[in-house]
Amino acid sequence: MKPIAIIGAGGFVGTRMLETLVLEGQVGARAIVRSYRNMASLCRFGSAIDVKRANAERLEELAAALEGVETAVNVTTGPPAGIVRSTTVIHDACLRAGVKRLVHLSSAVVYGDVHAPITDDAPPLAKHWMPYARAKGAAEVWLRQQLGRSPLDIVVLRPGIVWGVRSPHTTDIARSLCARQAYLVGEGQGVFNGVYVDNLVAAIRAAAGHAGPAAGFYNVGDTETVTWAQFYRALGGPLGCDVRRLPLVSASKFPHSIGSVVDTIQNLPLVNGMYHRLKVYIPDGAKAVIRASLEGDYSYDRFPVAYATAPGVSRELWHLQQVRHKLPTARFASNFGFSNPVSFDRGIAKTVAWLGTMGRVAPGFVAPVAAG
């Protein structure tokens, strides 16, 4: 692969991408992180990667960090208020540094519940309830305006829920299943629009290393069509949770709770901006106490006998379970000659093995060996 820089390399997806490059013997990938603190987790790669510190919202700083690379991959995370700003700065920094291609990671959340079939070029929802989704959608709109007028080859990838080993989403779901606090919306027949982390990394690398023009917007996801009930069953068995006993939550009316009211207030534009500015000053211990008080503390009784009858329902998860159509991925597969390297079953096996290292797997369950 030609010289590549990963902006936001200290995060979940960026770190996994670096791992795959290093494990395959490729050297010279550039990891760009916001702070010195984020460099710590990358030290294990040694001299195989080049680590630079740069703020994705500071043009001169980022342009200097991008000098000499041919492709930049934007996998940054951060508060919604900064997403559009960082997207424009990353684009302009790439131009200033002479980068040829920008691979930008968006999110399928921009489409909301997907109640009808949709194409790769469909516009994001204009009035999404979630600040993160609105910001991701606005960044997509801006990038689409640059297609055809920018000398950069702009590739926008739109993954669904990134699940699997070390996934924050998977960690939260596993905790709720272990604690018998999970739930299914309706009958759990909503589509789990997910992508196993290694499939996403493989898609990013395919887009980054493509020989010809690659510009455009592409959905990326797992090959299989999986419902939420199937996903929960695949994880629930190893975690000692009988998914048949989970409560079914109404799909027609959101069940409000103290936690959901707090979540709704937090998602108001002004409050959300203040929240993200202030939360950096809240100690991690205090955050854990607040979360436990709103969602339930899962740490003390990891495998309880009783199942929750009225669990706290997250608005985000409630909407995710409402999706009725799988996002099409044929366009990406055709344009890049791509096929996912990891099947759903293999991804589950890998995930269960990982959860077992954290004591999440139920006593007596023997996790299958995941090949590869």
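What this report covers is the structure whose coordinates are included nearby.

The rules we used
Residues numbered from 1 in each chain as written. Predicted model: local features only at pLDDT ≥ 70, side-chain atom pairs only at ≥ 80, totals over all residues. Heavy atoms only, no water. Salt bridge = Lys/Arg side-chain N within 4 Å of Asp/Glu carboxyl O. Helix = DSSP H or I, 4+ residues; strand = E, 2+ residues; numbered from the N terminus. Buried < 20%, exposed > 50% of the residue type's maximum accessible area, 1.4 Å probe, protein only. Pairing = 2+ DSSP bridges. 1 Å grid on protein atoms, 1.4 Å probe; cavity = no way out; pocket = protein on both sides within 12 Å on 5 of 7 lines; lining within 4 Å. Points joined across faces, edges and corners; volume = space filled by probe spheres on them. Nonpolar A, V, L, I, M, F, W, Y, C, P; charged D, E, K, R; others polar. Phe/Tyr/Trp six-rings, centres within 6.5 Å; stacked < 30°, edge-to-face > 60°.

Some points on the pattern of salt bridges
The full count for this structure, using the stated rule, is 14 salt bridges. For Arg16, the salt bridge identified is with Glu19, shortest N-O distance 3.0 Å. Linking Arg16 with Glu19, this pair stays in helix H1 (residues 12–23), spanning 3 residues, or about one helical turn. Judged by its relative accessible area of 11%, Glu19 is buried. Asp242 is the partner of Arg244 in a salt bridge, and the nearest nitrogen-oxygen pair spans 3.0 Å.

Side note on the pairing of strand E10 (residues 216–220)
Taking burial as the measure, the 5 residues of E10 include 5 buried ones, the bulk of the element. Every second residue of E10 is oriented toward a common face, with Gly216, Tyr218 and Val220 on one face and Phe217 and Asn219 on the other, all of them buried. Pairing of strand E6 (residues 153–159) with E10, which is carried by 5 bridges, proceeds in the parallel orientation. From the neighbouring strand, Pro159 faces E10, where its bridge partner is Val220.

Let's talk about empty space enclosed by the protein
Gaps left between atoms show up when a probe the size of a water molecule is rolled over them. Going through the model one piece at a time under the given rule, you end up with 1 cavity of 30 Å³ or more. Volume-wise, the largest cavity comes out at about 50 Å³. Class assignment for the residues of the lining of the largest cavity results in 2 nonpolar, 5 polar and 2 charged.

A short note on the packing of aromatic side chains
Under the criterion given, the structure shown has 14 aromatic pairs. Here the aromatic rings of Trp163 and Phe231 are separated by 5.5 Å at their centres, their planes lie at 80°, and the arrangement is edge-to-face. In this pair, Trp163 sits in strand E7 (residues 161–163) while Phe231 sits in helix H7 (residues 228–236), placing the two residues 68 residues apart along the sequence. For Phe231, a relative accessible area of 0% corresponds to the buried category. Plain terms: the ring middles of Tyr218 and Phe336 are 5.1 Å apart, the flat faces sit at 75° to each other, and that makes the pair edge-to-face. Here the residue Tyr218 occupies a position in strand E10, and Phe336 occupies one in helix H12 (residues 330–336), the gap between them amounting to 118 residues. Here Tyr218 falls in the buried class, since its relative accessible area comes to 2%. Accessibility expressed as a relative area gives 11% for Phe336, which makes it buried. One aromatic cluster is present, formed by Trp163, Phe192, Tyr196, Trp228, Phe231, Tyr232 and Phe344 through successive ring pairs.

Purely geometric numbers; function is a separate question.
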